[in-house]
Amino acid sequence: SSRLSVSKRFGVSIEEAYKYMPMYGKTHTEENRKIFALTHFGKSPGKNSGFGFSGAYKGFNFRSSYELSFLIDILKYDIIIEDAESRFNIPYKLNNKNRTYRPDFLINKNILIEIKPQKLTNSDENIAKFEAANKFCEQNNLKFVILTEKDLTLIKKQDIINMYKNKEIILFKNTLKRLGLNEW
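A quick note: this is a predicted structure, and the numbers were derived from the prediction, not measured.

*Asks:* Explain the pairing of strand S7 (residues 111–115) to me, and be specific about the residues and the numbers.
*Replies:* The element S7 is largely enclosed, with a buried count of 5 among its 5 residues. Taking every second residue as pointing to the same face, both faces of S7 are buried, with Ile111, Ile113 and Ile115 on one and Leu112 and Glu114 on the other. Both strand S6 (residues 105–107) and S7 contribute to a ladder of 3 bridges, which runs antiparallel. Within S7, the position partnered with phenylalanine 105 by the bridge is isoleucine 113. Taken together, S6 and the strand that follows it, S7, pair antiparallel across an intervening segment of 3 residues, in which asparagine 108 is found at a positive phi of about 55°. When S7 meets strand S8 (residues 143–147), the two strands line up parallel, connected through 5 bridges. Note that in S8 the partner of isoleucine 111 across the bridge is lysine 143.

*Asks:* If you had to explain the packing of aromatic side chains to someone new, which residues and values would you point to?
*Replies:* Two numbers describe a pair of aromatic rings. These are the distance of the centres and the angle of the planes. For the structure shown, the criterion picks out 5 aromatic pairs. Ring geometry for phenylalanine 130 versus phenylalanine 144: centroids 5.8 Å apart, planes at 45°, classification tilted. Of the two residues, phenylalanine 130 is situated in helix H5 (residues 124–139) and phenylalanine 144 in strand S8; the sequence distance between them amounts to 14 residues.

*Asks:* So what's going on with unusual backbone geometry? Which residues, and what values?
*Replies:* Not every positive phi belongs to a glycine, and lysine 109 is a case in point at roughly 60°. Considering the arrangement of structural elements, one finds lysine 109 in the loop between S6 and S7. In this model, lysine 167 sits at a positive phi of 60°, which is unusual for a non-glycine residue. Mapped onto the fold, lysine 167 is located in the loop between helix H6 (157–165) and strand S9 (169–171).

*Asks:* So, the pairing of strand S5 (residues 97–101): which residues are in play, and what are the values?
*Replies:* Looking at chain direction, strand S4 (residues 90–94) and S5 are connected through 5 bridges and run antiparallel. Residue pairing across strands places isoleucine 90 opposite tyrosine 101, the latter belonging to S5.

*Asks:* Any details on the sheet that holds S9? Residues and values, ideally.
*Replies:* One open sheet accounts for 3 strands, arranged S2-S1-S9; its pairing is antiparallel. Each edge of the open sheet is held by one strand with a lone partner, namely strand S2 (60–62) and S9. Averaged over all neighbouring strand pairs, the angle between strand axes comes to 25°, with direction disregarded. Running at roughly 145° to S2, helix H4 (residues 65–74) makes contact with strand S1 (55–57), S2 and S9 of the sheet. Contacting S1 and S9, H6 crosses the sheet at an angle of about 105° to S9.

What counts, and at which threshold
Per-chain numbering applies: the sequence of each chain, read as written, is numbered from 1 onward. Only residues with pLDDT of at least 70 get local features here, since the model is predicted, and only at 80 or more are side-chain atom pairs given and counted; chain-wide, interface and lining totals rely on the full set of residues. Side-chain numbers here rest on the full set of heavy atoms in the structure, without hydrogens or water. Exposure is judged per residue with a 1.4 Å probe applied to protein chains only, and the accessible area is read against the type maximum: over 50% gives exposed, under 20% gives buried, and values in between give partly exposed. Working definition: helices are DSSP H or I runs of at least four residues, strands are E runs of at least two. Numbering for both runs from the N terminus. In this scheme, strands are said to pair when DSSP sees at least two bridges between them. Here a Phe, Tyr or Trp ring, Trp counted by its six-membered ring, pairs with any other such ring whose centre lies within 6.5 Å, and the pair is stacked when the planes are under 30 degrees apart, edge-to-face when over 60, and tilted otherwise. Note on geometry: axes are C-alpha line fits, over the in-contact stretch for helices, and angles between N-to-C directions span 0 to 180 degrees. We call two residues in contact whenever any of their non-hydrogen atoms come within 4.5 Å of each other.

Structure below.
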(Lines give C-alpha, C1' and ligand atoms only; values in the text may rest on other atoms or scores of the structure.)
Protein backbone atom coordinates (compact mmCIF):
# COMPACT_ATOMS: atom_id res chain seq x y z
CA SER A 1 0.00 0.00 0.00
CA SER A 2 1.12 3.53 -0.71
CA ARG A 3 2.01 5.36 2.53
CA LEU A 4 2.80 8.99 3.12
CA SER A 5 6.48 8.93 2.25
CA VAL A 6 7.62 11.27 5.00
CA SER A 7 10.87 9.42 5.50
CA LYS A 8 11.65 9.63 1.79
CA ARG A 9 10.73 13.32 1.55
CA PHE A 10 12.51 14.42 4.73
CA GLY A 11 15.41 11.97 4.64
CA VAL A 12 14.74 10.28 8.00
CA SER A 13 12.43 7.64 9.39
CA ILE A 14 8.99 8.77 10.51
CA GLU A 15 9.70 7.73 14.08
CA GLU A 16 13.02 9.60 14.14
CA ALA A 17 11.59 12.79 12.60
CA TYR A 18 8.67 13.06 14.97
CA LYS A 19 10.72 12.26 18.08
CA TYR A 20 12.29 15.74 17.86
CA MET A 21 9.11 17.68 17.22
CA PRO A 22 7.78 19.75 20.12
CA MET A 23 4.29 18.19 20.01
CA TYR A 24 5.59 14.61 19.87
CA GLY A 25 3.47 12.52 22.22
CA LYS A 26 1.09 15.41 22.92
CA THR A 27 -2.27 16.37 21.48
CA HIS A 28 -4.27 19.55 21.06
CA THR A 29 -7.12 20.07 23.48
CA GLU A 30 -10.64 19.39 22.20
CA GLU A 31 -11.44 23.07 22.73
CA ASN A 32 -8.54 24.15 20.50
CA ARG A 33 -9.53 21.62 17.84
CA LYS A 34 -13.03 23.10 17.71
CA ILE A 35 -11.59 26.60 17.38
CA PHE A 36 -9.29 25.43 14.56
CA ALA A 37 -12.20 23.75 12.78
CA LEU A 38 -14.29 26.91 12.80
CA THR A 39 -11.49 29.18 11.57
CA HIS A 40 -12.48 28.83 7.91
CA PHE A 41 -15.94 27.35 8.33
CA GLY A 42 -17.83 27.19 5.06
CA LYS A 43 -14.99 28.51 2.91
CA SER A 44 -15.47 27.18 -0.58
CA PRO A 45 -12.70 25.16 -2.18
CA GLY A 46 -10.61 26.66 -4.96
CA LYS A 47 -10.93 25.76 -8.60
CA ASN A 48 -9.60 22.23 -9.25
CA SER A 49 -8.72 21.81 -5.58
CA GLY A 50 -9.25 18.10 -5.16
CA PHE A 51 -12.87 17.57 -6.15
CA GLY A 52 -14.45 20.07 -3.78
CA PHE A 53 -14.52 17.97 -0.63
CA SER A 54 -14.33 20.25 2.38
CA GLY A 55 -14.82 19.95 6.09
CA ALA A 56 -12.91 19.50 9.31
CA TYR A 57 -11.11 16.57 10.87
CA LYS A 58 -9.76 16.66 14.43
CA GLY A 59 -9.81 20.43 14.42
CA PHE A 60 -8.14 20.92 11.04
CA ASN A 61 -9.85 22.08 7.88
CA PHE A 62 -9.48 20.21 4.63
CA ARG A 63 -10.45 21.43 1.17
CA SER A 64 -9.95 18.21 -0.73
CA SER A 65 -10.07 14.47 -0.25
CA TYR A 66 -6.28 14.55 -0.65
CA GLU A 67 -5.92 16.97 2.26
CA LEU A 68 -8.22 14.77 4.36
CA SER A 69 -6.11 11.73 3.46
CA PHE A 70 -2.98 13.63 4.52
CA LEU A 71 -4.54 14.69 7.84
CA ILE A 72 -5.71 11.18 8.67
CA ASP A 73 -2.22 9.86 8.05
CA ILE A 74 -0.10 12.61 9.62
CA LEU A 75 -2.19 13.12 12.75
CA LYS A 76 -1.37 9.58 13.85
CA TYR A 77 2.01 10.95 14.90
CA ASP A 78 0.92 13.81 17.21
CA ILE A 79 3.17 16.34 15.55
CA ILE A 80 2.78 20.09 15.37
CA ILE A 81 0.64 20.81 12.35
CA GLU A 82 -0.88 24.17 11.58
CA ASP A 83 -3.13 25.62 8.92
CA ALA A 84 -0.57 27.53 6.85
CA GLU A 85 -3.22 29.17 4.68
CA SER A 86 -4.12 31.74 7.31
CA ARG A 87 -0.51 32.34 8.30
CA PHE A 88 1.48 32.61 5.07
CA ASN A 89 0.81 34.96 2.17
CA ILE A 90 3.43 34.36 -0.48
CA PRO A 91 3.40 36.90 -3.32
CA TYR A 92 3.89 35.73 -6.90
CA LYS A 93 3.23 37.00 -10.41
CA LEU A 94 1.21 35.34 -13.12
CA ASN A 95 0.52 36.99 -16.47
CA ASN A 96 1.89 40.28 -15.10
CA LYS A 97 -0.64 40.24 -12.26
CA ASN A 98 0.29 40.24 -8.59
CA ARG A 99 -1.23 37.30 -6.76
CA THR A 100 -0.96 35.61 -3.38
CA TYR A 101 -0.27 31.96 -2.73
CA ARG A 102 -1.24 30.30 0.55
CA PRO A 103 0.17 26.82 1.21
CA ASP A 104 -1.95 24.17 2.91
CA PHE A 105 -0.12 23.18 6.09
CA LEU A 106 2.90 23.91 8.23
CA ILE A 107 4.59 21.01 9.98
CA ASN A 108 7.03 21.37 12.86
CA LYS A 109 7.05 25.12 12.34
CA ASN A 110 9.51 24.75 9.45
CA ILE A 111 8.02 22.61 6.66
CA LEU A 112 5.39 24.12 4.37
CA ILE A 113 3.20 21.47 2.76
CA GLU A 114 1.21 21.83 -0.44
CA ILE A 115 -1.12 19.00 -1.41
CA LYS A 116 -2.01 18.92 -5.06
CA PRO A 117 -3.18 16.36 -7.62
CA GLN A 118 -0.21 15.34 -9.80
CA LYS A 119 -2.03 16.45 -12.95
CA LEU A 120 -2.17 20.04 -11.66
CA THR A 121 1.44 20.42 -10.51
CA ASN A 122 2.77 21.50 -13.90
CA SER A 123 0.23 24.20 -14.71
CA ASP A 124 1.66 27.69 -15.29
CA GLU A 125 -0.12 28.95 -12.19
CA ASN A 126 1.20 26.22 -9.91
CA ILE A 127 4.72 26.46 -11.29
CA ALA A 128 4.68 30.20 -10.47
CA LYS A 129 3.29 29.48 -6.98
CA PHE A 130 5.84 26.77 -6.26
CA GLU A 131 8.77 28.87 -7.47
CA ALA A 132 7.66 31.72 -5.20
CA ALA A 133 7.18 29.28 -2.30
CA ASN A 134 10.67 27.81 -2.77
CA LYS A 135 12.21 31.28 -2.82
CA PHE A 136 10.18 32.32 0.24
CA CYS A 137 11.25 29.19 2.11
CA GLU A 138 14.93 29.71 1.27
CA GLN A 139 14.71 33.27 2.60
CA ASN A 140 12.91 32.18 5.79
CA ASN A 141 14.77 28.99 6.68
CA LEU A 142 11.81 26.79 5.79
CA LYS A 143 11.41 23.74 3.59
CA PHE A 144 8.71 23.48 0.90
CA VAL A 145 7.23 20.05 0.07
CA ILE A 146 4.61 19.23 -2.54
CA LEU A 147 2.66 16.03 -1.92
CA THR A 148 0.52 14.37 -4.58
CA GLU A 149 -1.69 11.30 -4.64
CA LYS A 150 1.49 9.25 -5.14
CA ASP A 151 2.59 10.22 -1.61
CA LEU A 152 -0.72 9.63 0.14
CA THR A 153 -2.91 6.77 1.22
CA LEU A 154 -6.07 8.06 -0.42
CA ILE A 155 -9.36 7.81 1.42
CA LYS A 156 -12.27 6.21 -0.37
CA LYS A 157 -15.64 7.90 -0.77
CA GLN A 158 -17.38 5.27 1.37
CA ASP A 159 -14.83 5.82 4.15
CA ILE A 160 -15.62 9.55 4.13
CA ILE A 161 -19.33 8.74 4.39
CA ASN A 162 -18.68 6.32 7.26
CA MET A 163 -16.53 8.87 9.10
CA TYR A 164 -19.34 11.40 8.74
CA LYS A 165 -21.95 8.95 10.01
CA ASN A 166 -19.68 8.15 12.98
CA LYS A 167 -19.22 11.89 13.66
CA GLU A 168 -15.47 11.64 13.13
CA ILE A 169 -15.48 14.49 10.62
CA ILE A 170 -17.50 17.57 9.88
CA LEU A 171 -18.49 17.94 6.24
CA PHE A 172 -19.41 21.31 4.81
CA LYS A 173 -22.55 21.77 2.76
CA ASN A 174 -20.91 21.38 -0.66
CA THR A 175 -19.43 18.02 0.33
CA LEU A 176 -22.66 16.73 1.85
CA LYS A 177 -24.41 17.58 -1.40
CA ARG A 178 -21.68 15.99 -3.50
CA LEU A 179 -21.87 12.77 -1.46
CA GLY A 180 -25.66 12.69 -1.62
CA LEU A 181 -25.99 13.21 2.14
CA ASN A 182 -28.45 16.11 2.05
CA GLU A 183 -30.91 14.20 4.18
CA TRP A 184 -28.50 14.08 7.16
